[in-house]
Amino acid sequence: MIDHLLTGFATAFSFSNLFFCFFGVTMGTIIGVLPGIGPVAGTAMLIPFTFGMNPTTAIIMLAGIYYGAMYGGSTTSILVNLPGESASVMTCLDGYQMARHGRAGAALGISAFGSFIAGTLSVVGLMLLAPPLAAFAISFGPPEYFALMALGMTLVISLVGDSMIKGLISGAFGIFLGTIGMDPTTGIERFSYGIPTLLDGLSFVSVSVGLFALSEVFEMAEYAIKPPSYIDKISNLLPNKEDWKRSIMPILRGSAIGFFASALPGAGATVASMLSYATEKKLSKHPEKFGTGIIEGVAAPESANNAATGGAMIPLLVLGVPGSGTAAVMMGALLVHGMRPGPMLLDKHPDFFWAVIASMYIGNVMLLILNLPFVGIWARMLKIPHVILIPLILAISSVGVFTVNNNLIEVWIMLLFGVIGYFMNKFGFPAAPVILALILTPRMEDAMQQSLQMSHQSISIFFSRPISLALLSVACVSLFSPVLRYLWSRVKKQ
Amino acid sequence: MKKGLIVSCVILIALSAYGLIESSRLERTMKMGIGIGFLPFVMSLAIGGLSIALLVSILRGRAEIKDKPVFQPGGRSRVFVVVALLMGYLLLIDWTGYTLATFVYLAATIVFLRRERIFNAVLMSVGLTVFLYAIFRLWLKSPLPAGFLGI
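Since we're looking at a predicted model, the values are computed, not measured. (Residues numbered from 1 in each chain as written. Chains lettered and ligands numbered in written order. Predicted model: local features only at pLDDT ≥ 70, side-chain atom pairs only at ≥ 80, totals over all residues. Heavy atoms only, no water.)

1. Points about the overall build of chain B
Where we set the bar: Strands are runs of DSSP state E lasting at least two residues, helices are runs of H or I lasting at least four, and both sets are numbered from the N terminus onward. We take the radius of gyration over the C-alpha atoms and set the globule estimate at 2.2 Å times the residue count to the 0.38 power.
A tally of helices and strands in chain B yields five helices and zero strands. In sequence order, the secondary structure elements of chain B are arranged as α-α-α-α-α. Compactness check: chain B gives a C-alpha radius of gyration of 24 Å against a globular reference of 15 Å for 151 residues, more than 25% above the reference. Each principal axis of the C-alpha atoms in chain B carries an extent, and together these give about 60 × 50 × 25 Å.

Next up, the structure:
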């Protein structure tokens, strides 16, 4: 492992990888700081930038955007009480109160150090857990893969958004979209109506940029928010001894919660930060002080949401099942670059895997340096008026999607999905299951086809193999848990 | 919000009907494994069934609906114009190419969103057009739509 890691560092320390790691974490920080643009939208929007790169550099940059956004999100939560992305919502509760009491520096400092410690620990966890998990998953056949993908989808559907039924509709819609194009087995077209662009299926880049980036920009245009005023008195960024004493355990617990929660498909950084905050409140001797501006309330959620980025890489890289919207976008980018995530990735492309891990260590150090002395610069990003951001993002998205295949029809598809995504947001239909299903459907259909061929058309194959049975059982539980909860509450009432 | 949700359910039911009709023309079963019409058919059925269930729960008042207007005051027209401007940009870029279309689009959007002075909008648009050109054409070496102007 050490040899692999050293090779990974050698690759990650090449000039281009270092440069794009820096570019990724910087863009991530900006995306995290700017309210309205989340990591998933930012990652999707910047995928076209990676087309000239090799897959390793591309994923180093995209991963940098992901964990960079987690760092950046805390800045606006603390200084403006406005979360830059959803995983920083919990940081607002105590972070902003600390800033109001003149302790913005300490809040930003502990947030940066906590993020650094948690981010680094989560990479250690990823490094230790990924190889044995990949060795175990290598024995998976098509039925197990089908069951695993079904589980990933049901978990994301059941945990994302506030309504199960809307999540299911989004998932079914995504699977339906995933069937568009020429069937690879028979060569027969489905719903492509002879349009050459649709023969290979809907472009993942067009759909993801539309659903995530454009829809958020339309929302921005609707609200026409003026740049917020922020607390600009930032001093004493280094936490004192007492701050450290009170924060170290929340940071460690937040790291563990964030890592393990996001290693499961569905529970991303947002759920991890909420869990971590709730845990600290429960463990505290003074739970009533949470929300009034105590440092534990900043250290715990910020550590959890950064640890979640390392945890999210486990299902993505090792199992080939992304657990969140951002991970789904990264998986799409991997597929575009000809890499097939899954247990064979470690075996076939160890250089890629270990270079990404090494880059995450380096990226975390870069972020600590970027976020402590330059925090004032990031805060000033809030002054960029939406009148510049809106057309700029729309132009970057349009030109970026065009450059994927030099095809304007794909840009029109992006626009269509931008409008669909905008209305999905309005009416509470989550977009993450759509993109996850769009990416997984061809692989899932393939695994299903192969399984049925193995069993001569008998679906019993999914239930006669223990791993497949166990995975499908968990999928069923996650899918039907709201119904079971409802029935249980009725029984209790009676 | 309730009316909007009802409309979205109706649209989804229509989509499901379309999916069912189209996928029923495709084979759902084959000698070895499932046919190419299987998954779209099942998913259309699922979308239809779930949308009907959602519609029923909304009409019976069981679904949780946020008590707020769908659009912010004046927001609908702003979004409509932003989408229309983007559509115009896509039509223009095919015809005139990247440089002119991007400049016109940026200037028009800036003027619309902030009622900015024309001179300022032109200045900002030139800057942003050059910035994007530098990123995509010079740095990433990506081909950009040329149009009849060739740039």
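After presenting the structure, the write-up continues.
2. Observations concerning the overall build of chain A
The condition is simple: Accessible area is worked out with a 1.4 Å probe on protein chains only. A residue is then buried under 20% of its type maximum, exposed over 50%, and partly exposed in between. Contacts are assigned to residue pairs with any non-hydrogen atoms lying within 4.5 Å of each other.
Counting its secondary structure elements, chain A contains 22 helices and two strands. Relative to its length of 494 residues, chain A is compact, with a C-alpha radius of gyration of 22 Å against a globular reference of 23 Å. If one aligns the C-alpha atoms of chain A with their principal axes, the spans along those axes are about 70 × 55 × 55 Å. Of all 494 residues assigned to chain A, the portion counted as buried reaches 63%. The long-range fraction of contacts in chain A, counting pairs at least 24 apart against all pairs at least 6 apart in sequence, stands at 80%.

3. Some details on the layout of surface pockets
All names here are of chain A. Filter applied, for reference: Space inside and on the surface of the protein is sampled on a 1 Å grid over the protein atoms alone, with a cavity defined as a set of points where a 1.4 Å probe fits but cannot get out and a pocket as an open set with protein on both sides within 12 Å along at least 5 of 7 lines; lining residues have an atom within 4 Å of a point. Grid points are joined across faces, edges and corners, and a volume is the space filled by probe spheres set on the points.
Within this model, the second largest pocket holds a volume of roughly 930 Å³. In this structure, the second largest pocket is lined by 32 residues; those nearest its centre are Asp 200, Gly 201, Leu 202, Leu 438 and Pro 442. If you list the elements that add at least two residues to the lining of the second largest pocket, you get α8 (164-178), β1 (181-182), α9 (196-199), α10 (204-223), α14 (325-336), α18 (386-405) and α20 (432-454). For the lining of the second largest pocket, the element with the highest residue contribution is α20, accounting for seven residues.

4. Some words on helix α1 (residues 2-24) of chain B
So the rule is basically this: Multiplying 1.5 Å by the residue count of a helix minus one yields the expected span of that helix.
Taking 1.5 Å per residue, 23 residues should reach 33 Å; α1(B) reaches 33 Å between its end C-alpha atoms and fits that length. Of all the positions in α1(B), only B:Gly4, B:Leu5, B:Ser8, B:Cys9, B:Leu12, B:Ser16, B:Gly19, B:Glu22 and B:Ser23 are classed as buried. Buried residues along α1(B) sit in contact with α8 of chain A together with α2 (38-59) of chain B.

5. Quick look at the pattern of salt bridges
What counts here: What counts as a salt bridge is simple: a side-chain nitrogen of Lys or Arg found within 4 Å of a carboxyl oxygen of Asp or Glu.
One pass over the full model with this rule turns up seven salt bridges over all chains. Across the pair A:Glu280 and A:Arg253 runs a salt bridge whose closest N-O atoms are separated by 2.8 Å. Residue A:Glu280 is found in helix α12 (residues 269-283), and its partner A:Arg253 is found in helix α11 (residues 241-263); the two are separated by 27 residues along the sequence. The closest approach of N and O atoms between B:Arg25 and B:Glu22, which form a salt bridge, is 2.9 Å. Since its relative accessible area comes to 62%, B:Arg25 is described here as exposed.

6. What about a nonpolar patch on the surface?
All names here are of chain A. Worth spelling out the cut-off: The patch calculation keeps residues exceeding 30% relative accessible area without a salt bridge and links them within 9 Å when they carry like charges or within 5 Å when they are nonpolar (Val, Leu, Ile, Met, Phe, Trp, Tyr). Shrake-Rupley sampling with a 1.4 Å probe provides the accessible areas, and residues are treated as covered by the protein chains on show and by no other component.
Side chains of Phe 480, Val 483, Leu 484, Tyr 486 and Leu 487 sit close together on the surface and give an oily, nonpolar patch of about 500 Å² of accessible area. When you line up the elements, Tyr 486 lands in helix α22 (residues 466-493). For Tyr 486, a relative accessible area of 47% translates into the label partly exposed.

7. Thoughts on empty space enclosed by the protein
Residue and element names in this part refer to chain A. Evaluation of the coordinates by the stated rule reveals three cavities of 30 Å³ or more. What the largest cavity holds in volume is close to 60 Å³. Lining the largest cavity, in full, are Tyr 71, Ser 74, Thr 75, Leu 108, Ser 111, Ala 112, Ser 115, Asn 371 and Val 375. By residue number, the principal contributor to the lining of the largest cavity is helix α6 (residues 104-137), which donates four residues.

Remember that the coordinates give geometry; whether it matters functionally is a separate question.
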